[in-house]
Amino acid sequence: MEDNSSQNHNGQLDPSGGGNVSNKQNDDGSQRTQYSIPGILHFIQHEWAKFELERSQWEVERAELQARIAFLQGERKGQENVKSDLVRRIKMLEYALKQERAKFHKLKYGTELQQGDMKPPVFDDVVTDAKLEADAPFTSVSNISWRQGRQLLRQYLQEIGYADTILDVRSNRVRSLLGLNNNAECEENLNNSSPAVNGNESSNKRASETQEAAVMANFEFLSPDVDMDDDDDMSDDLDDQQDDETDDVKTAKRKNKCLMMNEGLADDVDAEAEEVLNELNLLTESEDAQNELRAPGGSPSMGFATSSRRPMGALGDDEGLDSSLGLGELAQLTVNNEAEAAYDIASSKEAYRKMWNAKYTLRSHFDGVRALAFHPTEPVLITASEDHTLKLWNLQKTVPAKKSASLDVEPLYTFRSHTGPVLCLTMSGTGEQCYSGGLDGLIQCWNLPSPNIDPYDSFDPSVLTGSLVGHTDAVWGLSIHNQRMQLLSCGADGLVCLWSPQNKVPLLSTFSSPDDGQPTSVDFVHNETNQMVTAYNSSHCVIYDLETGKPVTRLETSQAENISQDKQINRVVTHPTLPLTVTAHEDRHIRFFDNVSGKMVHSMVAHLDAVTSLAIDPNGLYLLSGSHDCSIRLWNLDNKTCVQEITAHRKKFDESIYDVAFHPSKPYIASAGADALAKAAGKACCSGLFKVKLSRGIVK
Amino acid sequence: MKMADGVTMLRRNRPGTKAADFCRWPDQPFEEMESTLVVQQYIQQQICHDPMNVTQILTPPESQDEGVWKYEHLRQFCLELNGLAVRLQAECHPEACTQMTATEQWIFLCAAHKTPKECPAIDYTRHTLDGAACLLNSNKYFPSRVSIKDSSVAKLGSVCRRVYRIFSHAYFHHRAIFDEFENTTYLCRRFTSFVIKVGCADFTLNSSCFRPDRAIHGGSEMIPVKDNEDESCFLVTKHSPWRGKYKRIFSIGTAGVTTYNPTNMEITNRWPYSDFMGALPGPNANHGQVSLA
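An unreviewed UniProt entry lists chain B under the name DnaJ homologue subfamily C GRV2/DNAJC13 N-terminal domain-containing protein, with Cloeon dipterum as the source organism.

Looking at an unreviewed UniProt entry, one finds chain A named Striatin N-terminal domain-containing protein and attributed to Cloeon dipterum. UniProt lists a comment for chain A under the heading Subcellular location (unreviewed entry), and it reads "Cytoplasm".

*Asks:* Explanation requested: a negative patch on the surface in the structure shown.
*Replies:* Residues and elements named next belong to chain B. Side chains of Glu31, Glu32, Glu34 and Glu62 sit close together on the surface and give a patch of like negative charge. With respect to the element layout, Glu31 can be found in the loop between β2 (9-10) and α1 (38-49). Given a relative accessible area of 65%, Glu31 falls into the exposed group.

*Asks:* What is the right way to look at the UniProt feature "coiled-coil region" (unreviewed entry) in chain A in this model?
*Replies:* Mapped onto this numbering, the UniProt entry gives "coiled-coil region" (unreviewed entry) at residues 55-82 of chain A. Span residues 55-82 of chain A is 100% helix and 0% strand, its end C-alpha atoms 39 Å apart.

*Asks:* Hey, could you run me through the sheet that holds strand β16 (residues 541-545) of chain A in this one?
*Replies:* Backbone hydrogen bonds are what pair the strands of a sheet, in a parallel or an antiparallel way. Residues and elements named next belong to chain A. Sheet architecture is open: four strands sit in the order β14-β15-β16-β17, paired in antiparallel fashion. This sheet does not close on itself; its edge strands, each paired only once, are β14 (519-524) and β17 (551-555). On average, each strand axis in the sheet is tilted by 20° relative to the strand beside it, whichever way the strands run. Sheet topology note: the strand β15 (residues 531-536)/β16 ladder contains five bridges and is antiparallel. Bridging across to β16, Met532 finds its partner in Tyr544.

*Asks:* Mind showing me how you'd approach helix α7 (residues 187-198) of chain B here?
*Replies:* Residue pairs spaced three or four apart in an α-helix point in one direction, given the helix's 3.6 residues per turn. Helix length check: α7(B), at 12 residues, gives a terminal C-alpha distance of 16 Å against a target of 16 Å (1.5 Å per residue), a fit within 8%. Regarding α7(B), the residues found buried are Leu187(B), Cys188(B), Arg189(B), Arg190(B), Phe191(B), Thr192(B), Phe194(B) and Val195(B).

*Asks:* What exactly am I supposed to notice about the UniProt feature "repeat: WD" (unreviewed entry) in chain A here?
*Replies:* Here, the residues flagged by UniProt with the feature "repeat: WD" (unreviewed entry) are residues 362-403, 415-448, 468-500 and 604-645 of chain A. The span residues 415-448 of chain A is 0% helical and 59% strand by assignment, and the distance between its end C-alpha atoms comes to 9 Å.

*Asks:* Explain a nonpolar patch on the surface to me, please; I cannot follow it from the model alone.
*Replies:* Residues and elements named next belong to chain B. Together, Phe234, Ile252 and Tyr273 make up an exposed nonpolar region whose accessible area comes to about 250 Å². Position of Ile252 among the secondary structure elements: in strand β6 (residues 244-253). Ile252 gets classed as partly exposed once you look at its relative accessible area, which sits at 33%.

*Asks:* Just checking my understanding: could you explain the confidence of the model for chain B for this structure?
*Replies:* Any region with low pLDDT has predicted coordinates that should not be read closely. Residue and element names in this part refer to chain B. Taken residue by residue, chain B gives an average pLDDT of 77. The fraction at 70 or more is 78%. This stretch, residues 1-6, has a pLDDT under 50; its non-local contacts, to residues over four places away or in other chains, come to 18 contacts. The low-confidence segment residues 213-223 (pLDDT under 50) makes 17 contacts with residues lying over four places distant or belonging to another chain. Model confidence for the complex: the whole-complex pTM is 0.57, and ipTM, which rates the interface, is 0.71.

*Asks:* Sorry if this is basic, but what is going on with the sheet that holds strand β12 (residues 495-499) of chain A here?
*Replies:* All names here are of chain A. Across the sheet, four strands lie side by side as β10-β11-β12-β13; this open sheet has antiparallel pairing. Of all the strands in the sheet, the pair left with one neighbour each is β10 (475-481) and β13 (507-512). Here the strands of the sheet are splayed against their neighbours by 20° on average, with no regard to which way each runs. Two strands pair when backbone bridges link them, and β10 and strand β11 (residues 486-491) are joined in this way by six bridges, in the antiparallel orientation. Residue pairing for β11: Leu478 is matched across the bridge by Ser489.

*Asks:* Whenever I open this one, the interface of chain B and chain A confuses me. Can you help?
*Replies:* A common way to state how big an interface is: give the accessible area lost once the parts meet. Contact with chain B, which involves 48 residues of that partner, is made by 53 residues of chain A. Together, the buried faces of chain B and chain A total about 4,500 Å²; carbon and sulfur atoms form 53% of this surface. Between the two partners, chain B and chain A, sit four salt bridges. Among the salt bridges present, the one from Arg416(A) reaches Asp130(B), with a minimum N-O distance of 3.0 Å. Breaking the side of chain B that touches chain A down by element, the ones donating at least two residues are β2, α1, α3 (66-91) and α4 (121-137) of chain B. Top element by residues in the side of chain B that touches chain A is α4(B). It accounts for 12 residues. Across the side of chain B that touches chain A, the residue classes break down as 21 nonpolar, 17 polar and 10 charged.

*Asks:* Just to check I follow, could you spell out the nonpolar core for this structure?
*Replies:* One broad trend across soluble globular proteins is that nonpolar side chains are buried collectively. Judged by nonpolar contacts, the single largest core of 76 residues is most densely connected at Ile382(A), Leu84(B), Phe167(B) and Phe191(B). The element best represented in this core is α3(B), accounting for 11 residues.

*Asks:* Explain the pattern of salt bridges to me, please; I cannot follow it from the model alone.
*Replies:* Note that side chains of opposite charge can pair when their charged atoms are close. Across all of its chains, the model carries 23 salt bridges over all chains by this definition. A salt bridge links Arg12(B) to Asp609(A); its shortest N-O distance comes to 2.9 Å. Linking Arg12(B) in the loop between β2 and α1 with Asp609(A) in the loop between β21 (600-605) and β22 (611-616), this pair reaches from one chain into another. For the salt bridge of Asp179(B) with Arg175(B), the shortest nitrogen-to-oxygen distance reads 3.6 Å.

*Asks:* I'm lost on the UniProt feature "binding site: Zn(2+)" (unreviewed entry) in chain B in this one. Help?
*Replies:* Residue and element names in this part refer to chain B. The feature "binding site: Zn(2+)" (unreviewed entry), as given by UniProt, occupies Cys92, Cys97, His169 and His174 in the numbering adopted here. Taken along the chain, the residues just named run across 83 residues; in space they keep tight, none of their C-alpha pairs more than 10.2 Å apart. As for its position among the elements, Cys92 is in the loop between α3 and β3 (100-101). In contact with Cys92, other than residues within four places in its own chain, are Cys97, Ala121, Ile122, His169 and His174. With respect to the element layout, His174 can be found in the loop between α5 (150-173) and α6 (175-185).

*Asks:* I'm lost on the packing of α6(B) against α7(B) in this one. Help?
*Replies:* Any two packed helices are characterised by the angle at which their axes cross and by the distance between the axes. Residues and elements named next belong to chain B. Relative to each other, α6 and α7 sit at 75°, their axes nearing to 6 Å. In terms of orientation, α6 lies roughly perpendicular with respect to α7. Here Phe178, Phe181, Glu182 and Thr185 of α6 lie close against α7, whose contacting residues are Leu187, Cys188, Arg189 and Arg190. Along the lines of polarity and charge, the residues of the contact of α6 with α7 split into four nonpolar, one polar and three charged.

Calculation criteria
Residues numbered from 1 in each chain as written. Chains lettered and ligands numbered in written order. Predicted model: local features only at pLDDT ≥ 70, side-chain atom pairs only at ≥ 80, totals over all residues. Heavy atoms only, no water. UniProt positions renumbered as here; feature names shortened; annotations may be inferred. Patch = residues over 30% accessible without salt bridge, like charges linked within 9 Å, V, L, I, M, F, W, Y side chains within 5 Å. Areas by Shrake-Rupley, 256 points an atom, 1.4 Å probe, with all protein chains shown as cover. Salt bridge = Lys/Arg side-chain N within 4 Å of Asp/Glu carboxyl O. Lys, Arg positive; Asp, Glu negative; His and termini not counted. Charge placed at Lys NZ, Arg CZ, Asp CG, Glu CD. Helix = DSSP H or I, 4+ residues; strand = E, 2+ residues; numbered from the N terminus. Buried < 20%, exposed > 50% of the residue type's maximum accessible area, 1.4 Å probe, protein only. Pairing = 2+ DSSP bridges. Axes fitted to C-alpha atoms, helices over the stretch in contact; angles between N-to-C directions. Expected span 1.5 Å × (residues − 1). pLDDT = per-residue confidence, 0-100. Contact = heavy atoms within 4.5 Å. Buried area = accessible area lost by both parts, 1.4 Å probe. Nonpolar A, V, L, I, M, F, W, Y, C, P; charged D, E, K, R; others polar. Core = buried A, V, L, I, M, F, W, Y, C linked by side-chain atoms within 4.5 Å. Parallel < 35°, antiparallel > 145°, perpendicular 65-115°, else oblique.

Written as structure tokens, this is what we have:
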């Protein structure tokens, strides 16, 4: 080949390496002397590359324009819907006005006003619009139109990809046009306007391949404000991904998890569960056309989960829920039922907020944390541990941790005075004192330091205000009655003592019942004055009158005569308002009793291992239970179903979780474990967290 | 209270357990323990079994990671040291012990603050223990309890050093408390052995100017060399890389060489002649320097 003329023809020579060498016609080479084969080759290659580049540019442009078209079409539809809505409104208002006039006229003149047709306006025009519901905004969606709408949604979604923010903006804009926003209008309005909105949005979303995505896309409208947070959370929480969330989550597994997630039968839970799925799906859509929901199952088990897969199946079996709301259908994620299920939910807004996500890890104890108590008003809690100390924590003072979304908290103050493991703890109603009981048989009274102190301040001996001496053996249970400023304690010496710490002689009275064994837990009966309930390690449970010291009611816990450790009651709590007592048993059950009759109202297998602790939220709606199976479960007290499970804490010897607690006024829960950690969770937008987990799964 | 329901034995302290029955379950061999906290379980079990048997408590099981072993022991020490702190709280008032000292020569500054501060003794104790808790539990240095980063192992040494000073302060200034605590828990003895085994002995022990192991191992090491009669004594200045220069009385006796602290005439060191290998004139023989090996 002559390479001396290879430089001719084009100024640019593309290197021939790497690219496709298309078939070059070398027929010209021999005829024209000024062209050489390499030159021609180069030229053709160059042109080809140029064409390819242009083609890709065209494609991009075309895609953009298509997107724009779809967007504008959607907008147009939206406007049309808005217009039709407004027209509807106008008609209704006109009709109402006519009626008023007629009434007025009748009243004034005694005759009927001739106004012509006084029929209520017919909204025929709306029906013809295939995507929308036939009725006025205040009626619920009909299934057929909804299905049609979904089909269309899917179709549109298939065409283009659509970012979340645009949807947010749009839905917000439409809502503001309609005069609807989340706070101002009632829930129904919102729900029913979303179908209208759907028409708009539909063109803007591409349908996912599975049914869930389409439904989830709809759910997104149920909580638009949530979406705004997503982007922010995503970047922060990208590191949060748990290691065991793998990419190959099978759909079956996911269904299981959805089953778990949806097991809470409460109406409000459905929306939140779907909300979760919704968020996840949206993220998959935006990132990946294939929506394998990798992490939805994992994330609802909340941030604590180290083995998030494990409890799901078990929980599913345990609960065996069949929802009248079509929840079971939703759990199976079939096509037909999801939409109805979604729209059967009346109140969806607050629902998702009830999911807890792991937020704080309190590390500082050297041995298992046996008890914890929240401050009544501040986000402050105190933990008591087997390392003989109590520690004061302020949840607002967190240590920036680089790795996880879970925030580490460091203690502000360490209470040292016990000479043995501290076993129980209670906080006064004012938050100024707390009481701790330990293996050394002493109950120490502490004045709480301010939550803003410097952790390394000088020692203030006045923090320990005194100790209550009375028990001769370990003190296992403490409970305080805030109004009466009285303290109940029970110990391994078999005594239950009533104290009034302010008095000169604090010990007011003692109760003992040797036949029942050792008292393990005490609580004041909250809806009655002057009563308290004591639980024993023989699984008996008795309500006493405080004045007389005599048993009032004996709760029917077990028929067995012998004192057996198997059914020992580990904790007893009374409901704040109802005459209900709840007991946590060593045999994995939680039992509910009526205080008046003593009869057992309900009994359920709550965990896979002994249930160790109970807490009722201040409103009396939820029950939190902790168990040695390393899980905490949140129960709805109305229908006694589990709405959430959190896996937390590791085992030391055979023990795992010792205590759980609700904050009396703020949305916090906490758990104390044998692994020397206390964990606290707050309520926050759960969706952000879920989204993040999903995205990590995809990235992997 | 253990529960033996036939086959499984649950090692649990259920509510209602008496203090005497706390953690009273049969020992579990190390190999059979399955949990992430095996090392802590094992150590606590050994201590419960026999707190005086220091060697056995400090002996790691086979194939146990050394870093984790040290870490868990240090946690256990800080845990148990709380008992000493509680006792000191009663007696060690800031007015009495305004500084953290052991002997008169050294004042220890509290490192828990941004700039080291001269805290009263009780504050030093509390801050040190709290700081140790913070460090040993920090997610940054010790994120896991089953594996320790090599860079974090170095931190253990500094914790040891500071913690040791608590012992030395208690020994010198609150002797009664120290003795009572030591007789029940044997903690100082165990800690000293631990520190020597672990290898941060020099820094730890010397900087605390305190050798409690000598003090309490039967006290035999502090009595003079047997049958020694001091023949001639010299007031000398001892040069130490750690502690600078300080005065000692150097006494050559019939059976060995002894050094005394001139302020209180306590024996600080003694070497019987049997320990000597040789004596050579030092480089400046004119000035009378002799090297003893």
